[in-house]
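# Analysis of the macromolecular model
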Amino acid sequence: MRKLVLFCISVVFVMNAFSQWQQSGTNVVGQSSVFLVDGNKLYSGSGMGGGLYVSEDNGVNWTKLGGSAISTTYALAVKGSKIYLGNEYGVYISTDNGQTFTASNTGLSSTYYTVTALLVDGSTIFAGTTNGLYVSTDDGALWTITSLSKYVRSMMKVGTDIYAGTYSDGVYISSDNGSTWTQVVNGMSKTTTYSPIFSMANIDNTIFAALKGTGVYKSTDKGATWTLANGTMTKDIWGIAVSGTNLFAGGDYVGVYLSTDKGTTWTAVNTGLPETYTLMPTVYTLVVANQTLFAQSSYVWKRPLSEMITVQNTPVVETVLPRVSISPNPASKTITINDESISSISIFNTSGQLLLEKKINDGEEVSIESIPPGLYMVKLQGTTSVSDVKLLVQ
C-alpha cells in the first residue's frame, strides 16, 4: 500500500501561487560553464562533458551542436557569423551555426593551456587561458600573448575599460584595449591567494565580482576600491547576472538569490527548484534572455523575470504558518485539507511540472491516485497567502 508523508511548512509569500522555476528542456545535462545570448539564440556549454547546446525558442527545446568533436565547453563568444568556443584543447571556431568546429590555435603556447574565457571587443578577440591572456585581431587566425600572464577565468567590458577576473589574483583592468593591465584588489579579502572569480557584472557603472568562497564584491570607482555586497547570503557564489538594476546570484546548495539594491540585501527566489535532503541545488551559471532568467545546475532551469521581481517588490510576510492539517497521513488514495482558509491545492514534481490543480473546500477529499511515488511540492493557496509543503508519496 502506498504511503503519503507530508513535512515542513514554508514561510508565506504574498505572490502568485504558481510562480516558480521550470526545467528548460530535458536533454541538456552536465554542469554548465557558460551561457551565451546571441539574438534569439541561447547557447549552453558544459564543462563536465555535456557538450554544447542551442535553443531558439527561449529554452523550450535544445539542439546539441558540434557533434562528438565538442565534449566540453568553458567559454563562448560570437563575432558576426562565427561562434568561438574555448575548452581544454584551445580555441575552436564554427562558421556553420555550430554544426562543425575547427581548431584555431596558431600563436597559443605550444605548452597546452585550457581556454576559460572569451571576449569580443569590436575587431579584437581576447582568449583567457590557465596561463595568461591572448589577443587576436584577425578573427582568431593568429593569437598573441598580452602582458597579463595570470589564469583568467572571466572577462567583461564596461565603457572603455576591460575587466579580467582571475583564478587566484583578483581583478585586473585595462584602459588601453588590453595593452597594459593593472591589478585592482583594494578591499578584497584573501587567505594565501584571492578566491576564483567565475563571473562579473555591471549595473550603472557599479562593478560586481563573484569570488567563489569569499562572496560578491562591488566597486563604484572602476575597481579602485571594493566592498563586500553579500548580505547574509552564502559566500560560495559561482555566477551572477543582471537585468536592469536587479542582480541575481547562484551558489553552492542555495539555488538563486535576488538583490534589487545593488547587493545590500538579498532574497532567495527558489520556488520550484528541486531540493535534496533540504538543500537547494548548486547553481553554477546564470543568464538573462528574453525577459527570462536561466540557471544551470545539473540541468537548465528557467523562470520569468516578472515573477521574481514581483516577489521581491511585494511586501513579504515573514511569519510561519500554523501547520496545515492534512489527513489521513499516511494515505493511499485521498487526502483532506482541514483548513477553511485554503481554497486550492496544486502538486508539482521536482521538474516543476504541474500534476494536479484543484479548488477545494474545507474538509473536501482530494484524490491522489494519479500521483506516482516520489517527492513533490504542494502549494496550498489561501485568501492572502501561500503555503509550500513537501510531499513524499511512497
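That block above? That's the structure.
These lines cover the structure that appears in this document, whether it is placed above or below. Everything numeric here is computed off the predicted structure, so don't read it as measured data.

## With respect to the pattern of salt bridges
Inspection of the entire model under this criterion finds nine salt bridges. Taking the shortest distance from any N to any O, the salt bridge between K150 and D169 comes out at 4.0 Å. Of the two residues, K150 is situated in the loop between β14 (144–145) and β15 (152–158) and D169 in the loop between β16 (161–166) and β17 (171–174); the sequence distance between them amounts to 19 residues. On the basis of relative accessible area, D169 is assigned to the partly exposed category, the value being 22%. The residue E307 makes a salt bridge to R303 at a minimum N-O spacing of 2.9 Å. We note that E307, like R303, is buried. Because the salt bridges share partners, they merge into one network encompassing K79, K82 and D139.

## As for the sheet that holds strand β23 (residues 237–243)
Note: strands within a sheet are paired through backbone hydrogen bonds, in either parallel or antiparallel orientation. Pairing is antiparallel in the open sheet, where four strands are placed in the order β23-β24-β25-β26. Each having just a single partner strand, β23 and β26 (267–268) make up the two edges of the open sheet. Pairing of β23 with strand β24 (residues 246–251), which is carried by six bridges, proceeds in the antiparallel orientation. Each bridged residue has a counterpart across the sheet, and for S243 the counterpart in β24 is N246.

## Things to note about the nonpolar core
Membership of the largest hydrophobic core comes to 16 residues, with the highest contact counts inside it found for Y163, V171, M188, A209 and W226. Those elements giving two or more residues to this core turn out to be β15, β17, β19 (197–203) and β20 (206–211). Residue contributions to this core peak at three residues, all from β20. Once residues lying within four places of it in the same chain are set aside, the contact partners of W226 are V171, V184, V185, N186, G187, M188, I207, A209, Y217, K218 and S219.

## Thoughts on the sheet that holds β20
Across the sheet, which stays open at both edges, the four strands sit in the order β19-β20-β21-β22 with antiparallel pairing between neighbours. If you trace the sheet from one side to the other, it starts and ends with β19 and β22 (227–228), each paired once. Pairing geometry for β20 and strand β21 (residues 215–219), over five bridges, is antiparallel. Residue A210 lies in a different strand from β21, and its bridge partner there is V216.

## Description of the pairing of strand β13 (residues 132–136)
In regular strands, side chains alternate between the two faces of the sheet. The buried count for β13 comes to five of five residues, which makes it a mostly enclosed element. On β13, burial covers both faces: G132, Y134 and S136 on one face and L133 and V135 on the other are all buried. Sheet topology note: the strand β12 (residues 124–129)/β13 ladder contains five bridges and is antiparallel. The residue bridging I125 from the neighbouring strand is S136, located in β13. From the end of β12 to the start of β13, which pair antiparallel, there are two residues. In this sheet, β14 lies alongside β13 in antiparallel orientation, the contact comprising two bridges. Paired with V135 across the two strands is T144, which belongs to β14.

## As for the packing of aromatic side chains
Here the distance between the centres and the angle between the planes together describe a pair of aromatic rings. Applying the stated criterion across every chain, the model contains four aromatic pairs. With centroids separated by 4.8 Å and ring planes inclined at 35 degrees, the aromatic side chains of F198 and W238 adopt a geometry described as tilted. Highlighted residues: F198 in strand β19 and W238 in strand β23, separated in sequence by 40 residues. Taking the relative accessible area as the measure of exposure, W238 reaches 18% and is therefore buried. Each residue in the set Y151, Y167, F198, W238 and Y284 is aromatic and connected to the rest through ring pairs, giving one cluster.

Rules used in this analysis
Residues numbered from 1 in each chain as written. Predicted model: local features only at pLDDT ≥ 70, side-chain atom pairs only at ≥ 80, totals over all residues. Heavy atoms only, no water. Salt bridge = Lys/Arg side-chain N within 4 Å of Asp/Glu carboxyl O. Helix = DSSP H or I, 4+ residues; strand = E, 2+ residues; numbered from the N terminus. Buried < 20%, exposed > 50% of the residue type's maximum accessible area, 1.4 Å probe, protein only. Pairing = 2+ DSSP bridges. Core = buried A, V, L, I, M, F, W, Y, C linked by side-chain atoms within 4.5 Å. Contact = heavy atoms within 4.5 Å. Phe/Tyr/Trp six-rings, centres within 6.5 Å; stacked < 30°, edge-to-face > 60°.

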